[in-house]
Amino acid sequence: MHILIVDDDPLAGELVAALLEDQGHECRLAENGIEALEQLGADDGIELVISDLNMPLVSGLDLFAELRERGLALPFVLLTGDDPADILAQTPGLSAALMKDAALEEALPVLVATLAGAARP
Amino acid sequence: MAPASSETFKARKARLRAAFLDQLPQRLREARVHLTRLPDHAALVALELAFHTIKGSSGSFGLTTITDLAREADDVLKAALAAGTPIAPGSLATLTAVFERFDALDLGAADRADPAERYGFESEPLPPGPVPGQMTEETPGPAHDHASRRCEQLVYLCDDDSDLAQELCAQLACFGYCVTALTTLEALRAAVIADPPAAVIMDVMFPEGEHAGPATIAALGVETGHAIPSMYISGRGDFQARLQAVQAGGSAYCTKPVKTTELVEFLDALTNRETPTPFHVLVVDDEPAVAQLHAMILEEAGMITAVATDPAQVLDLLKGFNADLVLMDIHMPACSGPELARVLRQMAGYLSLPIIYLSSETDRERQFEALEVGADGFLTKPVEPARLVTEVSLRAERMRTLHSLMVRDGLTGLFNHNTIMQLLDLGVANARRDHQPLCFAMIDVDRFKRVNDTYGHPAGDQVLMALSRGLRLRLRDSDVVGRYGGEEFAVVFPGVDVQQARDILDQLRMSFAAVLFYAGNATFNCTFSAGVAAFPLWSSADALTEAADLALYRAKRGGRDRVEIAVMPDASGDLARDRSGEDRDGH
């Protein structure tokens with residue numbers, strides 16, 4: 001699966017990429033929402049966006065809203081430092097929201113595998 | 001997952017974790033600067049973001065002590081932000097305590113305590129993915145000399161999968177490379193010793209061992225006494241495989257399925273010892289002496305510079321300069337660096353142009369504020385010449401690579417759909433300004449689906465590559481060629497009237513129809529149809545596209561393998577129905 005990872009901390013972004021590339025996915029990184037939109041505009045092969053929530057200028061939620069406004073319906077996963085339950089409940093259309101902790105290493109590959117399965121019937 | 005590959009993720013994670021720990025003291029120092037600037041609101045926001053990021057990243061790395069400390073600070077700061085009141089003295093005390101406890105962690109020691117997790121690659125970081133490292137900007141257009149030189153170069157491709165090797169060689173031939181396929185390491189060894197190549201394209205894994213490819217190249221390097229210019233193709237994208245390739249001197253690494261255009265770019269870089277186009281840097285400084293000094297340093301390093309001593313000159317200077325980067329002073333009368341950066345960022349063409357500030361500003365907070373507008377770096381005056389050159393070339397190089405990946409189509413190396421449409425817009429604007437003609441053509445391979453269905457997708461790809469290469473080689477530098485989508489191509493011909501465009505396309509059409517394609521034992525020919533629309537008969541990019549598309553449709557309806565010229569809309573309906581295929585000369 002072609003995945004765009006958005007995180008203002010490049011190290012955290014690369015960690016997610018390492019995790020998913022290990023599962024055979026192809027990952028690209030963006031360090032902010034603007035860069036993410038540019039990459040999405042330039043590459044229509046991206047099948048999934050995984051974004052950090054808390055970023056300067058354009059937050060993960062802003063990015064999600066902007067994508068939907070542009071009519072891009074690709075699955076969108078939020079990663080956050082806080083408990084994701086509230087945000088998930090308040091944001092219809094999000095594929096998932098996961099907490100950035102040690103469990104992410106287990107949870108994210110499973111989630112992405114499920115999404116990849118759903119994308120290819 | 002095989003154990004070997006989970007090892008690799010562990011190694012990569014360990015490296016990232018070590019880098020995170022390395023950077024943490026610096027991040028905390030920056031956070032401390034924000035702390036001293038409280039109760040300023042911007043500082044509060046920045047401080048919250050800093051701790052929030054530390055919390056999230058350390059959480060991902062499983063560094064729970066750090067996560068807990070950062071959470072404590074983040075909670076206090078979030079509450080203060082939510083309350084909208086200046087931060088309470090009690091909260092301030094909590095923050096100070098958090099900083100002290102961070103200091104007490106002695107992060108440097110924690111870092112050193114775990115030498116097994118440090119792999120020491122920091123000095124020579126590996127590219128994060130199969131990103132071309134040293135591509136030079138290639139302008140579409142005639143490149144006969146370049147193409148013929150390619151074939152004089154001896155290139156070997158070694159892969160134990162002989163079908164794949166043959167297919168890659170056939171595809172590379174479409175780009176003018178004569179590549180010899182070898183399927184065993186022994187055959188490669190013999191070939192390299194008998195006739196040293198300009199480059200070797202090498203698989204990583206062979207029956208002899210999972211890293212036998214790089215090992216053979218390394219051994220050959222020792223045996224022959226000079227390094228073998230090599231690049232790797234592999235089904236594996238893991239760290240160990242990449243590391244072996246780098247240690248054997250590999251200059252590029254492509255994961256399978258290999259994109260032929262990516263291979264070609266690397267081969268060009270490996271086999272062409274021409275100097276790449278120098279970086280173009282615009283220097284903006286209100287002090288002429290300083291501007292000249294920096295321009296001189298960069299020019300001595302082989303770059304081309306333009307100097308603006310007034311921000312108002314910048315837009316004019318950027319036009320036609322093809323800047324790779326802007327180096328700007330931060331304090332200028334009338335328009336500050338960040339204001340100028342904002343002006344540039346609000347223009348679509350300069351959204352991704354790298355900007356580096358140069359200033360005597362040492363206040364970190366002010367530096368961050370300036371960076372927030374969308375600049376890429378900050379250098380403090382006086383800057384050492386070597387540092388200036390390094391910072392500028394690193395960023396310019398990266399931008400060129402990214403740009404080239406962004407605007408080009410993966411299979412054909414032509415401009416992609418978005419880019420060609422932007423360039424058409426630009427071409428129309430220029431034609432209007434200069435009162436020059438312009439034509440836009442849409443080209444579509446005839447019965448392409450049948451080629452794919454009958455001969456397979458590799459054969460179809462060959463057709464697309466051959467056509468795109470033909471377009472690149474035969475058109476002028478000023479013509480813009482792109483892949484519009486699928487089997488559709490688009491060309492912008494600036495300064496060309498409709499009759500000239502038709503002649504050019506007809507010549508292309510006839511030579512393309514003569515090309516013989518190979519698929520296994522079968523051979524076949526292909527043709528294309530084209531529709532042309534002319535400015536100013538159609539006065540906007542949208543109108544040109546629609547008219548060219550309609551003309552292309554008529555060409556298809558009229559029996560394919562022909563070029564049709566778009567006519568005015570009120571007549572085109574009738575023409576499409578009644579006069580399809582009629583040759584209309586004299587336009």
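Conventions adopted
- Note that residues are indexed from 1 along each chain, following the sequence as it is written.
- A letter from A marks each chain and a number from 1 marks each ligand, given out in the order of writing.
- Note on the predicted model: pLDDT of at least 70 is required for a residue's local features to be given, and 80 or more for side-chain atom pairs to be given and counted; whole-chain, interface and lining totals, by contrast, use all residues.
- Just so you know, side-chain values use all the structure's heavy atoms and leave hydrogens and water out.
- Burial classes follow relative accessibility: with a 1.4 Å probe on protein chains only, a residue under 20% of its type's maximum area counts as buried, one over 50% as exposed, and anything between as partly exposed.
- Strands are runs of DSSP state E lasting at least 2 residues, helices are runs of H or I lasting at least 4, and numbering of each runs from the N terminus.
- By convention, a crossover is right-handed whenever its connection, traced from the first strand over the helix to the second and viewed with the strands pointing away, goes clockwise.
- Any two strands with at least two DSSP-identified bridges between them are counted as paired.
- Throughout, a residue-residue contact means that at least one pair of heavy atoms, one from each residue, lies within 4.5 Å.
- Simply put, the buried area is the total loss of 1.4 Å probe accessible area from both parts when two parts are fitted together.
- Salt bridge, as used here, is a side-chain nitrogen of Lys or Arg placed within 4 Å of a carboxyl oxygen of Asp or Glu.
- Throughout this description, a polar contact denotes any pair of N or O atoms lying within 3.5 Å of each other; where both atoms belong to protein, one of them has to be capable of donating a hydrogen while the other can accept it, and for residues adjacent in sequence the pair is counted only when both atoms sit in side chains.
- Predictor confidence is given residue by residue as pLDDT, running from a minimum of 0 to a maximum of 100.
- A pair of Phe, Tyr and Trp rings is counted when the ring centres sit within 6.5 Å of each other, with Trp represented by its six-membered ring. The angle between the planes then sorts it: under 30 degrees is stacked, over 60 is edge-to-face, the rest tilted.
- Axis geometry follows a simple rule: fit a line to the C-alpha atoms, using only the stretch in contact for helices, then measure angles between N-to-C directions, giving values from 0 to 180 degrees.
- Two kinds of site are reported from a 1 Å grid over the protein atoms alone, namely cavities, where a 1.4 Å probe fits but cannot get out, and pockets, open sets with protein on both sides within 12 Å along at least five of seven lines, and residues are called lining when an atom falls within 4 Å of a point.
- Grid points are joined across faces, edges and corners, and a volume is the space filled by probe spheres set on the points.
- Classification used: nonpolar for Ala, Val, Leu, Ile, Met, Phe, Trp, Tyr, Cys and Pro, charged for Asp, Glu, Lys and Arg, polar for all others including Gly.
- Residues enter a nonpolar core if they are buried and are Ala, Val, Leu, Ile, Met, Phe, Trp, Tyr or Cys, with the set joined through side-chain atoms within 4.5 Å.
- When an angle is under 35 degrees it counts as roughly parallel; over 145 it counts as roughly antiparallel; between 65 and 115 it counts as roughly perpendicular; any other value is oblique.

Side note on the pairing of strand S6 (residues 280–284) of chain B
All names here are of chain B. Most of S6 sits out of view: five of its five residues are buried. With burial as the criterion, each face of S6 is covered, one bearing His280, Leu282 and Val284 and the other bearing Val281 and Val283. For the handedness criterion, the β-α-β arrangement of S6, helix H12 (residues 288–300) and strand S7 (residues 304–308) is classed as right-handed. Two elements, S6 and strand S8 (residues 325–329), share four bridges in a ladder whose sense is parallel.

Notes on the interface of chain A and chain B
With 27 residues of chain A in contact, the opposing surface of chain B contributes 33 residues. Summed over both partners, the interface of chain A with chain B buries about 2600 Å², with 55% contributed by carbon and sulfur atoms. On the chain A side of the interface with chain B, the three residues burying the most area are Leu11(A), Leu15(A) and Asp22(A), jointly 23% of the side's total. In this structure, Arg12(B) engages Glu14(A) in a salt bridge whose closest nitrogen and oxygen atoms are separated by 4.0 Å. Joining chain A to chain B, the criterion identifies nine residue pairs in polar contact (both at pLDDT 80 or more).

Let's talk about the confidence of the model for chain B
Residues and elements named next belong to chain B. Counting all residues, the mean pLDDT for chain B is 79, and 84% of those residues have values of 70 or more. Summarising per-element confidence for chain B, the mean pLDDT is lowest in helix H6 (residues 144–151) (44) and highest in strand S11 (residues 438–445) (96). Of the regions scoring below 50 in pLDDT, residues 108–149 engages in 82 contacts with residues more than four places distant in sequence or in other chains. A low-confidence stretch, residues 572–587 stays under pLDDT 50, and its non-local contacts, those more than four residues away or across chains, total 26 contacts. Across the assembled chains, the prediction reports ipTM 0.79 with pTM 0.40.

A word on the pairing of strand S3 (residues 199–203) of chain B
Residue and element names in this part refer to chain B. Within S3, five of the five residues are buried, leaving the element largely enclosed by the surrounding structure. Note: S3 against strand S4 (residues 230–234), four bridges, orientation parallel. Among the inter-strand pairings, valine 200 is bridged to a residue of S4, identified as serine 230. In this fold, the crossover linking S3 to S4 by way of helix H9 (residues 212–224) has right-handed handedness.

Topic: the packing of aromatic side chains
The full count for this structure, using the stated rule, is seven aromatic pairs over all chains. Connected via pairs of aromatic rings, a cluster forms that spans Phe51(B), Phe99(B) and Phe102(B).

A closer look at the sheet that holds strand S2 (residues 179–182) of chain B
All names here are of chain B. Taken in spatial order, the five strands of this open sheet run S2-S1-S3-S4-S5, and their pairing is parallel. Each edge of the open sheet carries a strand with a single partner, namely S2 and strand S5 (250–255). Ignoring strand direction, the axes of neighbouring strands in this sheet form an average angle of 20°. Sheet analysis places strand S1 (residues 155–158) next to S2, joined by four bridges and oriented parallel. Directly across from tyrosine 156, in S2, lies its bridge partner threonine 180.

Describing empty space enclosed by the protein
In this approach the atoms are scanned with a rolling probe the size of a water molecule, which exposes any empty space left behind. What the rule picks out here adds up to three cavities of 30 Å³ or more. Empty space within the second largest cavity amounts to approximately 40 Å³. Lining the second largest cavity are Leu15(A), Val16(A), Leu19(A), Leu104(A), Glu105(A), Phe9(B) and Ser60(B). Class assignment of the residues belonging to the lining of the second largest cavity gives a composition of five nonpolar, one polar and one charged.

With respect to the nonpolar core
If you look at the biggest cluster of nonpolar residues, it comprises 52 residues, and the most contacted ones within it are Ile3(A), Ile50(A), Leu108(A), Phe51(B) and Leu95(B). The element best represented in this core is helix H1 (residues 3–36) of chain B, accounting for nine residues. Beyond its immediate sequence surroundings of up to four residues, Ile50(A) is in contact with Ile3(A), Leu4(A), Ile5(A), Val6(A), Leu20(A), Val77(A), Leu79(A), Leu108(A) and Val112(A). Of all hydrophobic cores here, the second largest spans 35 residues; its members include Leu475(B), Leu505(B), Cys526(B) and Val563(B).

A few points about the side chain of Ser60(B)
Position of Ser60(B) among the secondary structure elements: in helix H2 (residues 41–60). Not counting chain neighbours up to four residues away, the residues in contact with Ser60(B) comprise Leu15(A), Lys100(A), Asp101(A), Leu104(A) and Glu105(A).

Some points on the packing of helix H17 (residues 417–434) of chain B against helix H21 (residues 541–557) of chain B
Helix packing geometry: the angle between the two helix axes and the distance between the axes. Residue and element names in this part refer to chain B. It is the contact of H17 with H21, at a shortest axis distance of 9 Å, that shows an interaxial angle of 115°. Here H17 is positioned roughly perpendicular relative to H21, judged by the angle of their axes. Across the interface between the two elements, Met421, Leu424, Asp425 and Val428 of H17 pack against Ala541, Leu544 and Thr545 of H21. Class assignment for the residues of the contact of H17 with H21 results in five nonpolar, one polar and one charged.

As for the sheet that holds S8(B)
Residues and elements named next belong to chain B. Here five strands make up an open sheet; going across it, the order is S7-S6-S8-S9-S10 and the pairing parallel. Edge positions in the sheet fall to S7 and strand S10 (377–380), since each has one partner strand and no second. Across the sheet, the mean angle from the axis of one strand to that of its neighbour is 20°, orientation sign disregarded. Each of S6, S7, S8 and strand S9 (355–359) touches H12; the most contacted strand, S7, lies at about 170° to it. Of the strands in this sheet, S9 and S10 touch helix H15 (residues 364–372), which is tilted by about 140° from S10.

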